[in-house]
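Listed here are the chains, written in short residue letters.
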Amino acid sequence: MQILILSDLHANLYALDAVLADAEGQYEQIVCCGDLVGYNPHPIPVLEWALANCGRIIRGNHDKVVAGIDSLEWFNEVAKEAAMWTIRQLSADQLGHLGQLEKGPAKLEHFHVWHGSPRDEDEYVTTKSSAAPCFTFFELPLAFFGHTHLQGGFFSARGRIGIIPAVRKKEKEAVLELEPDVLYMVNPGSVGQPRDGDPRAAYAIYETEQKLVKLRRAEYPVQKTADDITRAGLPGVLAVRLFRGM
Ligand code: ZN
């Protein structure tokens, strides 16, 4: 079984389309680590696609805020403006679907999945010290998470925490062979708003029999998303950051 792992799609349809074209024929199931909406200008097609195609979707903090589950007050001004714009675009039904997304962590057949951390769906796990307590939660050797928009993650081998790097900028793929007695917490990276300095859309594929995680990057027409951000009247800084991948 090959499973496509997506996170932080953030209403960027051109990035999503590029990922699906890049991964075509290489997966049978799709799992999403959250944040379907927010920041970018295509919340409706991205939400509708995810609801129709993902086997499991764990909710993200932007999904919660747009659905009215969490308050807007914790967001910065730009995220808040984009969230309010998104709320105006979605129908009551679509907002209802967002609000019904599953809260993480979830234990699936082959791995765990959550948005931020297993203790707090809104926690940013960006360092070895913030990753360490997450490993006490593991019942399976693998978990996928999102929220930071940083591809890669962490492993725990006999009490030592190590870093899993993102795909190098000159390459399209990095293959991680899972070893016995090691725990892995993998971030596929963000489809719709990468923040690891690489503007290419990020995703992962997990091959369950060979126990391989393939981290991948796909180019997409950033300018088209930027033009739609301008047309929608969303803050211009949201377009600028897509070109920089920050
Ligand atoms: Zn996000």
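This text goes with the structure placed above it.
Residues numbered from 1 in each chain as written. Predicted model: local features only at pLDDT ≥ 70, side-chain atom pairs only at ≥ 80, totals over all residues. Heavy atoms only, no water.

Caption draft 1: Molecular detail of the sheet that holds strand E8 (residues 160-164). In spatial order, the strands read E4-E5-E6-E10-E7-E8; together these six strands make up an open sheet with mixed pairing. Strands with a single pairing partner mark the edges of an open sheet, and in this sheet they are strand E4 (106-107) and E8. Two elements, E4 and strand E5 (residues 112-113), share two bridges in a ladder whose sense is antiparallel. Of the residues in E5, the one forming a bridge with Ala-106 is Val-113. (Pairing = 2+ DSSP bridges. Helix = DSSP H or I, 4+ residues; strand = E, 2+ residues; numbered from the N terminus.)

Caption draft 2: Looking closely at the coordination of the zinc ion. Within the protein, the atoms that donate to the zinc ion are Asp-8 (OD), His-10 (NE2), Asp-35 (OD) and His-149 (NE2), at distances of 2.1 to 2.3 Å. For the zinc ion, the four donor atoms in the first shell make angles of 86 to 179 degrees at the metal, so the coordination geometry reads as irregular. Of note, the donors binding the zinc ion are all from one chain and are spaced D-x1-H-x24-D-x113-H. Linking Asp-8 in the loop between strand E1 (2-6) and helix H1 (13-22) with Asp-35 in the loop between strand E2 (29-32) and helix H2 (43-53), this pair joins segments that are 27 residues apart in sequence. (Donors = N, O, S within 2.8 Å, 3.2 Å for Na, K, Ca; no water. Tetrahedral: all angles 85-135°; square planar, octahedral: opposite > 155°, others 65-115°.)

Caption draft 3: Summary view of the side chain of Asp-228. Mapped onto the secondary structure, Asp-228 falls in helix H7 (residues 222-232). We classify Asp-228 as buried; its relative accessible area is 12%. Among the polar contacts listed, one links the side chain of Asp-228 to the side chain of Tyr-14, at a separation of 2.7 Å. (Buried < 20%, exposed > 50% of the residue type's maximum accessible area, 1.4 Å probe, protein only. Polar contact = N/O pair within 3.5 Å; in protein donor to acceptor, adjacent residues only side chain to side chain.)

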